[in-house]
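Descriptive analysis of the structure
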Amino acid sequence: MNGWLTVALLVVSNIFMTFAWYGQLKLQQMKVITSATPLLVVILMSWGIALFEYLFMIPANRYGFHANGGAFSLMQLKVIQEVISLMIFTVFTILFFKGEALHWNHFVAFCLLILAVYFVFMDS
């Protein structure tokens with residue numbers, strides 16, 4: 001499977017994951033749900049969104065894994081997924097939670113993530 005298709009599936013998956021995990025916080029800010037909304041309702045809403053995460057994540061990992069003809073080792077898939085997850089989360093935070101700011105230490109962390117990707121793809 002093409003490595004770029006795997007990455008694209010991981011991006012879509014992580015968009016759904018971010019909304020499943022953190023979207024309820026924005027809905028609370030928007031007064032769509034309140035702190036009085038039963039936790040079980042919020043969990044079920046999140047699970048409904050997370051279903052779509054899995055519809056993209058499982059194929060990305062399955063087809064992207066080199067043993068299935070994909071381009072990546074298991075470790076590479078995990079590091080790619082984590083980097084994508086943090087990138088999507090950062091964009092989500094900037095767009096939907098205006099009070100959250102990026103600081104110098106966040107940029108240092110991103111540079112370290114780039115190094116993590118470099119090292120996981122480096123021939124040993």
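Before reading further, recall that the structure is shown in the block above.
Next up on the list: the packing of helix H3 (residues 74-96) against helix H4 (residues 104-121). Two numbers describe how H3 lies on H4: the axes approach to 9 Å, and their chain directions differ by 160 degrees. By the criterion of interaxial angle, the relationship of H3 to H4 is roughly antiparallel. You can see that H3 and H4 cross each other, and the crossing is left-handed. Of the residues in H4, those touching H3 at Met75, Gln76, Val79, Ile80, Val83, Leu86 and Thr90 are Phe110, Leu113, Ala116, Val117, Val120 and Phe121. Grouping the constituent residues of the contact of H3 with H4 by class yields 11 nonpolar, 2 polar and no charged.

With respect to the helices and strands, the residue serine 13 is situated in helix H1 (residues 3-29). The class of serine 13 is buried, set by a relative accessible area of 0%. Within the local environment of serine 13, its side chain forms a polar contact with the backbone oxygen of glutamate 53, the two atoms lying 3.1 Å apart. Beyond its immediate sequence surroundings of up to four residues, serine 13 is in contact with Glu53, Phe56 and Met57.

Look at helix H2 (residues 39-64): 35 Å from first C-alpha to last across 26 residues, which is about the 38 Å you get at 1.5 Å a residue. Along its length, H2 reaches its greatest deviation from straightness, about 25 degrees, at glutamate 53. Every buried residue of H2 is listed here: Val42, Ser46, Ala50, Glu53, Met57, Ala60 and Gly64. Buried positions along H2 lie against H1 and H3.

Here the focus is the packing of H1 against H3. Contact pair H1 / H3: the axes reach a minimum separation of 9 Å and the direction vectors enclose 40 degrees. Accordingly, the angle class assigned to the pair H1 and H3 is oblique. When the axes of H1 and H3 are compared, the crossing they make is right-handed. Classifying every residue of the contact of H1 with H3 by side-chain character gives 14 nonpolar, 7 polar and 1 charged.

This part takes up the environment of isoleucine 88. Locating isoleucine 88 in the fold gives a position in helix H3. As for isoleucine 88 and valine 12, which are separated by 76 residues in sequence, their C-alpha atoms are 9.5 Å apart.

Criteria and cut-off values
- Residues numbered from 1 in each chain as written.
- Predicted model: local features only at pLDDT ≥ 70, side-chain atom pairs only at ≥ 80, totals over all residues.
- Heavy atoms only, no water.
- Axes fitted to C-alpha atoms, helices over the stretch in contact; angles between N-to-C directions.
- Helix = DSSP H or I, 4+ residues; strand = E, 2+ residues; numbered from the N terminus.
- Parallel < 35°, antiparallel > 145°, perpendicular 65-115°, else oblique.
- Left-handed = near helix turned anticlockwise from the far one by under 90°.
- Contact = heavy atoms within 4.5 Å.
- Nonpolar A, V, L, I, M, F, W, Y, C, P; charged D, E, K, R; others polar.
- Buried < 20%, exposed > 50% of the residue type's maximum accessible area, 1.4 Å probe, protein only.
- Polar contact = N/O pair within 3.5 Å; in protein donor to acceptor, adjacent residues only side chain to side chain.
- Expected span 1.5 Å × (residues − 1).
- Bend = angle between axes of the 7 residues up to and from the residue.

By themselves, these figures tell us nothing about what the structure is for.
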